[in-house]
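# Fold and geometry: a report
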There are 2 protein chains.
Amino acid sequence: MTTPLVSPEGRALDLPPRPTPVIRPGEFRFAAAGLAHGHIYGMTRGLLEAGATLTAVWDEDPALVAGFCRAFPQVRPARCLDELLDDPALALVASAAVPADRCGLGLRVMEAGKDYFVDKAPLTSLDQLAAARTAAARTGRKYMVYYSERLHSEAATLADWLVGRGAIGRVIHMEGFGPHRLGAARPGWFYSKARTGGILCDIGSHQLEQFLHFTGAERACITSARRANYAHPDHPEFEDFGDCTATAANGATGYFRVDWFTPAGLRNWGDGRTFLLGTEGYIEMRKYIDITAPEMVENTVLWVDGEGEHRFNATGQVGCPFFGRLIRDCLDRTETAMTQAHAFAAAELCLQAQAIADRSAAQAAPGRP
Amino acid sequence: MTTPLVSPEGRALDLPPRPTPVIRPGEFRFAAAGLAHGHIYGMTRGLLEAGATLTAVWDEDPALVAGFCRAFPQVRPARCLDELLDDPALALVASAAVPADRCGLGLRVMEAGKDYFVDKAPLTSLDQLAAARTAAARTGRKYMVYYSERLHSEAATLADWLVGRGAIGRVIHMEGFGPHRLGAARPGWFYSKARTGGILCDIGSHQLEQFLHFTGAERACITSARRANYAHPDHPEFEDFGDCTATAANGATGYFRVDWFTPAGLRNWGDGRTFLLGTEGYIEMRKYIDITAPEMVENTVLWVDGEGEHRFNATGQVGCPFFGRLIRDCLDRTETAMTQAHAFAAAELCLQAQAIADRSAAQAAPGRP
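Our subject in this report is the structure included herewith. (Residues numbered from 1 in each chain as written. Chains lettered and ligands numbered in written order. Predicted model: local features only at pLDDT ≥ 70, side-chain atom pairs only at ≥ 80, totals over all residues. Heavy atoms only, no water.)

### Observations concerning the relation of the copies chain A and chain B
Heads up, the rule is: Least squares is used to superpose the copies, and the fit set is the C-alpha atoms of residues whose pLDDT is at least 70 in both copies. Two residues qualify as a contact provided that any one of their heavy atoms is within 4.5 Å of a heavy atom in the partner residue.
Superposing chain A onto chain B takes a rotation of 180° plus a shift of 0.0 Å along the axis, which leaves an RMSD of 0.0 Å. Expressed as a symmetry operation, the mapping of one chain copy onto the other fits a two-fold axis. A symmetric contact is evident, with 100% of the interface residues of chain A recurring at the interface of chain B.

Laid out in structure tokens, this is it:
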């Protein structure tokens, strides 16, 4: 049974049904370990909606644990990380630790025989990447990444469905804008290059992952990258701007820009946008806010093809099938949600982009005028 | 007297009055020579609206001349180019000849003691650029360029006014999307690399000119560039895609993408867009069509700052002051419309971008999969 989604001018999409829980209650148990980034809430909700059972939580900061327990009253705080790792009933550990700590935790999780689901960026150095690849291969466990700007976005789900049906022909190019609001209260690690890996490694990871996915490429190379601190001299290591061009092995081209300049007047944290150019049309996703709409709207998908201009709101229409697929992959030892090779390929591209930007800093990271 | 332009949520802009003719009838006479590109119509209309008098036209193709005379019945067809160049009453010659021929014509115009107003791209090689610079310096005549995507766009006029009033703080970054419709009937020269200079030289010129202008930079360097023929194997020299990153001398960063993939369903020839990121907000121009509006709308300006999200339609509100300023500059020997240095700097950047893209073709101009 499908629900047609209809654009204002009458274009109807016969969408597949929204995803539903893929397992029975209690069949797949997970814990949260490492709550430094708020993404852990989205990761947890996605797993819960797909049918997983949240049993335990751990972080070295009791305040973060207390906040998490208020949001998810069913969860039990663990006394230490080993209590989670030693629990044979746990299938997966989800983490949004500080980026530089994510890989070390993941290695312990995999060595304990559990799958790992980690916030982006999944790691911050090539040494970590090599260790993660080796451990994943040896243990057979998964090191999956919460690339939320695609995996937890109904706009992206809808765009993905359109692209898969040939709605814009061959995807030859992608642009991504990833503006973020800095806000007032950020922890110290947020401003440390060593702890975040830099802006291209951190929030750039969403973009390069989408580039590989939407262009259908297994590999790509970074063709240019820049980072800057335009307006935050009080935090000299902080990068408030970054951008990058990449060319996929199949010939598709990409560009993205990430920044921390969302103005106070925007009704959400960032006007995140993804543009797909195809040989037969184009798509734009306005994921978190559509400033062309008077009402507060997320998940706008604009699509132009040979027939006309179409506008859809994907909210509540298509869901986020990633989470159910991830759970099934863990149970069935399949790779329907995301291949391990893709997760690591995206991570590697981010490290390469950051390295190129760092090397060209003299030219591309201008100071204040 | 100013007319307030008000956004839907109530933000009012006290705009300056629309430009009016800057001279008396007959005070400034011009001719059109070289009609290969339809831009000559826009160039002519802009000059006429600012008060100039169109007297004569010449092209080697009588069909193009006949079409021009139908649009502008006051114009007299010249028997040859020299008839225009020898006419002491003519102050300026406007041309949209084939790009590769534009400089040669301009040199003759300047040597004849007249100012030259040429369609973008104003020239197609570094040798031509050197000759034009030398001739402009020696003759004291102007070699001005119709960078229409800024100069003949009320969205750009409004954005310019906003930026000048500090509406988004310091402009640190710009993106430009320049999609174009290929259509069916294109003359042979259109597909010749030697005649157009390539996609970055040709339609990329709009973008790099805007980058210099909106970031307030006199100089910039190209940091990466790519061109491709993704889907037109029947025209092997044709480039249907190009993109480029540039860094301005003042530290601002830029990216643009140009292409020939406007789908048939779009209600105009291209969804041209310019994005300005500032330290205190951002602006988007949707110059030729706003696909988020049900009605056919050009010149949408979206602006987000510390106060909120604002949407304006600039059509009929602000005009295009460039043309009147150009006429006054010719009469007064000033540089209020555009400096000669800027016109040439933008042209030089385009040639550099094209050269970089051509050199990296093995990597960045992928074939079909």
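Once you've had a look at it, read on.
### Notes on the sheet that holds strand β12 (residues 253-259) of chain B
Strands pair in a sheet through their backbones, by hydrogen bonds, and they do so in one of two ways: parallel or antiparallel. Residue and element names in this part refer to chain B. What counts, and what does not: Following DSSP output, two strands are said to pair if at least two bridges run between them. By definition, any uninterrupted DSSP run of H or I lasting at least four residues is a helix, any uninterrupted run of E lasting at least two residues is a strand, and each is numbered from the N terminus. In this analysis, axes come from line fits to C-alpha atoms, helices being fitted only over the stretch in contact, and the angle between any two N-to-C directions falls in the range 0 to 180 degrees.
Ordered by their spatial adjacency, 8 strands build an open sheet running β10-β11-β12-β9-β13-β14-β15-β16, and the pairing between neighbours is mixed. Sheet topology places β10 (220-228) and β16 (309-313) at the edges, where each strand pairs with a single neighbour. When strand polarity is set aside, the average angle formed by the axes of neighbouring strands in this sheet is 10°. Contacting β9 (171-179), β10, β11 (241-248), β12, β13 (273-278) and β14 (281-286), helix α9 (residues 204-215) runs over the sheet at an angle of about 160° to β9. Contacting β10 and β11, helix α11 (residues 340-359) runs over the sheet at an angle of about 50° to β10.

### Topic: the sheet that holds strand β8 (residues 143-146) of chain B
Residue and element names in this part refer to chain B. The parallel open sheet is built from 6 strands, whose spatial order is β5-β4-β3-β6-β7-β8. Each edge of the open sheet is held by one strand with a lone partner, namely β5 (76-77) and β8. Pairing of strand β6 (residues 92-95) with strand β7 (residues 115-119), which is carried by 4 bridges, proceeds in the parallel orientation. Bridged to alanine 94 within β7 is phenylalanine 117.

### Quick look at the packing of helix α4 (residues 99-111) of chain A against helix α5 (residues 126-139) of chain A
In a pair of packed helices, the angle between the axes and the distance between the axes together describe the arrangement. Residue and element names in this part refer to chain A. Applied cut-off: We call two directions roughly parallel when the angle between them is under 35 degrees, roughly antiparallel when it is over 145, roughly perpendicular when it lies between 65 and 115, and oblique otherwise. By definition, turning the near helix anticlockwise from the far helix through less than a right angle yields a left-handed crossing, and turning it clockwise yields a right-handed one. Nonpolar residues are Ala, Val, Leu, Ile, Met, Phe, Trp, Tyr, Cys and Pro. Charged residues are Asp, Glu, Lys and Arg, and all others, Gly as well, are polar.
At their nearest, the axes of α4 and α5 sit 10 Å apart, and the two run at 15° to each other. On the basis of their axis angle, the class for α4 and α5 is roughly parallel. Read as a crossing pair, α4 and α5 show a hand that is left-handed. Seen from α4, the contacting residues are Ala100, Cys103, Leu107, Met110 and Glu111; seen from α5, they are Gln128, Ala131, Ala132, Ala135, Ala136, Arg138 and Thr139. Its residues placed into classes, the contact of α4 with α5 shows 8 nonpolar, 2 polar and 2 charged.

### Topic: the packing of helix α1 (residues 39-49) of chain B against helix α2 (residues 62-71) of chain B
Residues and elements named next belong to chain B. Between α1 and α2, the least distance of the axes is 12 Å, while the angle of their chain directions is 35°. As α1 runs across α2, the sense of the crossing is right-handed. On the side of α1, the interface is formed by Ile40, Tyr41 and Thr44, while α2 contributes Leu64, Gly67, Phe68 and Ala71. Taken together, the residues that form the contact of α1 with α2 break down as 5 nonpolar, 2 polar and no charged.

### Some words on the interface of chain A and chain B
The condition is simple: The quantity reported as buried area is the accessible area (1.4 Å probe) lost by two parts once they are put together, taken as the sum for both. We count a salt bridge whenever a side-chain nitrogen from Lys or Arg sits within 4 Å of a carboxyl oxygen from Asp or Glu. Identification of polar contacts relies on pairs of N or O atoms within 3.5 Å, with a donor-acceptor requirement for protein atoms, meaning one able to donate a hydrogen and the other able to accept it, and with residues adjacent in sequence counted only if both atoms are side-chain atoms.
Between chain A and chain B, the residue contacts involve 56 residues of the former and 56 residues of the latter. Counting the surface lost from both chain A and chain B, the interface buries some 4400 Å², and carbon and sulfur atoms represent 59% of this. Applying the counting criterion to the chain A and chain B interface returns 6 salt bridges. On the surface where chain A and chain B come into contact, there are 31 residue pairs in polar contact (both at pLDDT 80 or more). Listing elements by their share of the side of chain A that touches chain B, those giving two or more residues are β9 (171-179), β10 (220-228), β11 (241-248), β12 (253-259), β13 (273-278), β14 (281-286), β15 (300-304) and β16 (309-313) of chain A. Residues belonging to the side of chain A that touches chain B are distributed by class as follows: 22 nonpolar, 17 polar and 17 charged.

### Focus: the pairing of β9(B)
Residue and element names in this part refer to chain B. Which entries qualify depends on this criterion: Burial classes follow relative accessibility: with a 1.4 Å probe on protein chains only, a residue under 20% of its type's maximum area counts as buried, one over 50% as exposed, and anything between as partly exposed.
The element β9 is largely enclosed, with a buried count of 9 among its 9 residues. Bridge count between β9 and β13: 6 bridges; the pairing is antiparallel. Bridge pairing in β13 places glutamate 175 opposite phenylalanine 275. Relative to β12, β9 runs parallel, the two being bridged by 7 bridges. Each residue of the ladder has a partner; that of methionine 174, found in β12, is glycine 254.

### Side note on the pairing of β10(B)
All names here are of chain B. By the criterion of burial, β10 is predominantly enclosed, with 7 of the 9 residues buried. With 8 bridges connecting them, β10 and β11 associate as antiparallel partners. Across the sheet, arginine 226 pairs through a bridge with aspartate 243, a residue of β11.

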